[in-house]
Amino acid sequence: MESNTRLTQNDTPIHRALEEQRLNRLAHFDVPGHKGGRGNKELKEFLGADCVKLDMNSMKPLDNLCHPVSVIKDAQMLAAEAFGADEAFFIVNGTTAAVQAMIMATTVAGDKIIMPRNVHRSAINALVVNGALPVYVNPGVNQRLGIPLGMSVKDVETAIHENPDAKAILVNNPTYYGICSDLKQIVDMAHDAGMLVLVDEAHGTHFYFSDTLPVSAMKAGADMSAVSMHKTGGSLTQSSILLTRNTVNADYIRQIINLTQTTSGSYLLLSSLDIARKNMSLNGKFYSSKMIEFASYAREEINKLGGYYAFGEELIDGDTVFDFDRTKLSVHTRDIGLAGIEVYDLLRDDYGIQIEFGDIGNILAIISGGDRNLEIERLISALSEIKRLHEREKSGMFDHEYINPKIVMGPQKAFFSKKLSLAIEESAGGICSEFVMCYPPGIPILAPGEMITQEIIHYIEYAKEKGCLVTGTQDMNVENINIVDTSA
Amino acid sequence: MELWYTDKHTQNVQLTMKVKNQIASVESEYQRIDILDTVEFGKVLVLDGELMITQKDEFIYHEMITHVPMAVHPHVENVLVIGAGDGGTIRELTKYDTIKNIDMVEIDKSVTDMCLQYFEETSCKLSDSRVHMHFEESIRFARMKKDEYDLIIVDCADPYGPAEGLFTREFYGNCFKALHEDGILINQHESPYYSEHSRTVQKAHKHIQQVFPYSTVYQCHIPSYPSGHWLFGFASKKYDPIRDLHEEAWNRLGIKTKYYNTDLHKGSFYLPTYVKELLGMTGEIKNI
């Protein structure tokens, strides 16, 4: 008998080991204390007996996420292979944890990291935790749509030139709206300058499984990437994968991940990563082409309705929109006189359709391998109805999603400094010491260390008035804001 | 050997009929389609295991879904029929010479093909020159139309399969847009009796009410359907189903029916108290 059978993408080591333990019917004197749901009948009924029974803790046959030597190691190896990486780390604290691990593994307090300002809050959070300093590259802005775009190669070049001591460059691939920078070119420039390239691919999992979508981080030669398997890859919410190449020390990265990741990794999440990897590996090409087909059809039909603008590849300009993720269905709504968030609310409240987000001028619907023709038709019809019933003059509407911030202090210093609480409308001129953002998308309007301006205050008030969920401040009502007490 | 077919009415109730033989069975892109010959109900059409129509009582359903609006609207020329793959609704509509065009939109061509071959009792008028069959997603078809139809009839299965989209507010809104300013929308409205379905009835009615200025429901008795007590929705931009009933004019047409008559027309809008309560119609009939 062969002792070391080579695993293939058809295998699911964690899934298999878990199934084996379930069939073994162990007498459990370990956690979790619900013991297969017997100790919490309501939970068992709600989630289903099978699901609750699989909620087991780490044990020898199931390996250990903090120190993988058997089935988790094998599953991570298969994931690395599927994504074309040298190593893969399963993450159960969300892609947030993966982004933070990338930053904390490559910078320490005082180090510089180059990034676009329209990063997810998790990236700036990492800077608050470890004290690294951001060098922001202002993203391009599309004037008609008001949305932030990718980074221009020239701006990245300037940032590298002006900050030769920067340790790494973080790139969104793609942005929430599906826009990609010239990743390959940025990787080449960064590597020439001795910098690492970290990629936030929270919205780009599917890039790895299609020939017709924008280039993936690993293919472009980036050193690390945070891939939100749960977003478009089909695993359970909160599960994610960190990919690395052998240009970084994998054992050190594991230590960094273990600084903050739970020691009780959920096997529901881990097995979902395992099964989702297999599924994408075997069927990802099919799903991706289905996603492109659905999104392209919806774009075409929505644009026929008039008023709406479902944008796509025509935005590509070879620079700040180097490429576009055609599976994203983003629709500009301002020309029918409605804020994106208003359309988002109408879709849910009146038509029972939940989309990913609505912001000042756009909505975003996530298309995945799980979609059906029926729901796509419902979405288009509901948009048609919303236009028929609610279209109005667009005068007085805010026309952009993004304001270039003025940075006056490092995020960690500003966040932990002595603070004053002020009413937001009276805070102009202060240095913000906390975050303010609409969630989703979770891209900060203000981050710690940034100057508060009248324009930003106006933006926050407008977003609140239109119904955006504004978050980040200590004040749960988001009426007051903490600023750095510069007299201290 | 005895063969029996069971239609599940709810999780806990079922209707079982003795089968003489299975006439045809195919798996289409959308669903499994069976036509059986039964002892009591004659031929029956079954989609994904659920009974759609029986040869014995389909006339009740098809007469009530067509003649009620036809006796109210004084000049129906252009009709859109959603679903109706078996052809029964079309058969009733073709009895009116005043109708000039019937667009029928059925998602599953296989249903129509099967009925043309094995259920000629309902599909017999599908070849009428006024009938135009479109095999596509009906929610899409309706969305493309504006101010075109006098009457729209939604003759579909229950909302737990391919017909799910036909019970949504956006679909009713698309129908409103597709109708002329005096248009009528009739829809298959499920049964109010079992609690498993009554929520669907309630939700559909609420959606229609939010779209049309006037809306109510009317009822009939269909023995082979769950509980036998069945509802149709009557939504309109202008006409009242009782006040605007053209009793004499309709009777002068001399259309032969087995269930529908103009007395029953009026009566069918008078609803049991529990149904009125379910639909929030306490007091007199709402709106109209």
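Our subject in this report is the structure included herewith.

Rules and cut-offs
- Residues numbered from 1 in each chain as written.
- Chains lettered and ligands numbered in written order.
- Predicted model: local features only at pLDDT ≥ 70, side-chain atom pairs only at ≥ 80, totals over all residues.
- Heavy atoms only, no water.
- Helix = DSSP H or I, 4+ residues; strand = E, 2+ residues; numbered from the N terminus.
- Rg over C-alpha atoms; globule rule 2.2 N^0.38 Å.
- Buried < 20%, exposed > 50% of the residue type's maximum accessible area, 1.4 Å probe, protein only.
- Contact = heavy atoms within 4.5 Å.
- Lys, Arg positive; Asp, Glu negative; His and termini not counted.
- Charge placed at Lys NZ, Arg CZ, Asp CG, Glu CD.
- Pairing = 2+ DSSP bridges.
- Disulfide = S-S within 2.5 Å.
- Buried area = accessible area lost by both parts, 1.4 Å probe.
- Salt bridge = Lys/Arg side-chain N within 4 Å of Asp/Glu carboxyl O.
- Axes fitted to C-alpha atoms, helices over the stretch in contact; angles between N-to-C directions.
- Parallel < 35°, antiparallel > 145°, perpendicular 65-115°, else oblique.
- Left-handed = near helix turned anticlockwise from the far one by under 90°.
- Nonpolar A, V, L, I, M, F, W, Y, C, P; charged D, E, K, R; others polar.
- Core = buried A, V, L, I, M, F, W, Y, C linked by side-chain atoms within 4.5 Å.
- Domains from an automatic or database assignment.
- 1 Å grid on protein atoms, 1.4 Å probe; cavity = no way out; pocket = protein on both sides within 12 Å on 5 of 7 lines; lining within 4 Å.
- Points joined across faces, edges and corners; volume = space filled by probe spheres on them.

**A short note on the overall build of chain A**
For step 1, the next point in the chain: Of the regular secondary structure elements, chain A holds 16 helices and 18 strands.
For step 2, the next point in the chain: Over its C-alpha atoms chain A spans a radius of gyration of 23 Å, differing by no more than 12% from the 23 Å that the globule rule assigns to 488 residues.
For step 3, the next point in the chain: Split into buried and exposed, the 488 residues of chain A put 59% on the buried side.
For step 4, the next point in the chain: For chain A, the proportion of contacts with a sequence separation of at least 24, taken over those separated by at least 6, is 73%.
For step 5, the next point in the chain: Between the averaged position of the 44 positive side-chain charges in chain A and that of its 62 negative side-chain charges there is a distance of 5 Å.

**Here we look at the sheet that holds strand β15 (residues 436-438) of chain A**
Paired through backbone hydrogen bonds, the strands of a sheet run either parallel or antiparallel to each other.
Residue and element names in this part refer to chain A.
For step 1, the next point in the chain: Pairing is antiparallel in the open sheet, where 3 strands are placed in the order β16-β15-β17. Strands at the two margins of the open sheet, each flanked by one partner only, are β16 (444-446) and β17 (470-471).
For step 2, the next point in the chain: When β15 meets β16, the two strands line up antiparallel, connected through 2 bridges. The residue of β16 that forms the bridge with V436 is L446.

**Some details on the state of the cysteines**
Covalent bonding between the sulfur atoms of two cysteines defines a disulfide.
Residue and element names in this part refer to chain B.
For step 1, the next point in the chain: As enumerated under the stated definition, the model contains 0 disulfides over all chains in all.
For step 2, the next point in the chain: Looking at C124, it has no disulfide partner, and the nearest cysteine sulfur is the one in C115, 11 Å off.
For step 3, the next point in the chain: Residue classification places C124 among the partly exposed positions, given a relative accessible area of 39%.

**Brief notes about the interface of chain B and chain A**
For step 1, the next point in the chain: At the interface, 15 residues of chain B touch 18 residues of chain A.
For step 2, the next point in the chain: The junction of chain B with chain A conceals about 1400 Å² of combined surface from both sides, 48% of it contributed by carbon and sulfur atoms.
For step 3, the next point in the chain: Taken as a group, R143, R169 and E170 of chain B account for 41% of the area that chain B buries against chain A, more than any other trio of residues on that side.
For step 4, the next point in the chain: Between the two partners, chain B and chain A, sit 7 salt bridges.

**Focus: the packing of helix α5 (residues 94-106) of chain A against helix α11 (residues 250-260) of chain A**
Residues and elements named next belong to chain A.
For step 1, the next point in the chain: At a closest axis distance of 9 Å, the pairing of α5 and α11 adopts a crossing angle of 120°. Classified by the angle their axes make, α5 and α11 are oblique. Helix-helix and strand crossings are classified by hand; for α5 and α11 the assignment is right-handed. Contact residues: α5 offers A101, M104 and A105, while α11 offers Y252, I253, I256 and I257.
For step 2, the next point in the chain: Class assignment of the residues belonging to the contact of α5 with α11 gives a composition of 7 nonpolar, no polar and no charged.

**Description of the nonpolar core**
For step 1, the next point in the chain: Counting residues in hydrophobic clusters, the biggest one holds 57 residues, and the most contacted among them are L45, L93 and L151 of chain B.
For step 2, the next point in the chain: With 7 residues, the single largest contributor to this core is helix α1 (residues 58-70) of chain B.
For step 3, the next point in the chain: The residues that make up this core include at least three from each of domain 1 (3-54) and domain 2 (58-278) of chain B.
For step 4, the next point in the chain: With 55 residues, the next largest nonpolar core counts A80, A166, A220 and L273 of chain A among its residues.

**Comments concerning the layout of surface pockets**
All names here are of chain B.
For step 1, the next point in the chain: Of the volumes computed, that of the largest pocket is approximately 910 Å³.
For step 2, the next point in the chain: Listing elements by their share of the lining of the largest pocket, those giving two or more residues are β1 (3-8), β4 (42-47), β5 (50-54), α1, β6 (78-83), α5 (138-143) and α7 (195-211).
For step 3, the next point in the chain: The element contributing the most residues to the lining of the largest pocket is β5, with 4 residues.
For step 4, the next point in the chain: For the lining of the largest pocket, the domains that each give at least three residues are domain 1 (3-54) and domain 2 (58-278).

**A word on the sheet that holds strand β2 (residues 14-27) of chain B**
All names here are of chain B.
For step 1, the next point in the chain: The strand order across the open sheet formed by 5 strands is β1-β2-β3-β4-β5, and the pairing between neighbours is antiparallel. Lying at the two open borders of the sheet, with one neighbouring strand each, are β1 and β5. Across this sheet, the average inter-strand angle for adjacent strands is 50°, counted without regard to direction.
For step 2, the next point in the chain: Judged from the 4 bridges that link them, β4 and β5 form a sheet pairing that is antiparallel. Across the sheet, the residue bridging to V44 is T54, located in β5.

**Examining empty space enclosed by the protein**
Residues and elements named next belong to chain A.
For step 1, the next point in the chain: Across all of its chains, the model carries 5 cavities of 30 Å³ or more by this definition.
For step 2, the next point in the chain: There is about 190 Å³ of room inside the largest cavity.
For step 3, the next point in the chain: Contributing to the lining of the largest cavity are P148, Y177, D359, E401, Y402, I403, C438, P441, I443, P444, I445 and Y459.
For step 4, the next point in the chain: For the lining of the largest cavity, the per-class residue count stands at 10 nonpolar, no polar and 2 charged.
For step 5, the next point in the chain: Within this model, the second largest cavity holds a volume of roughly 50 Å³.
For step 6, the next point in the chain: Every residue along the wall of the second largest cavity is listed here: N93, A97, Q100, A101, M104, I256, I257, T260 and Q261.
For step 7, the next point in the chain: Counting only elements with at least two residues in the lining of the second largest cavity, the list comes to α5 and α11.
For step 8, the next point in the chain: Per-element tally for the lining of the second largest cavity: the top contributor is α5, with 4 residues.
For step 9, the next point in the chain: A per-class count over the lining of the second largest cavity returns 5 nonpolar, 4 polar and no charged.

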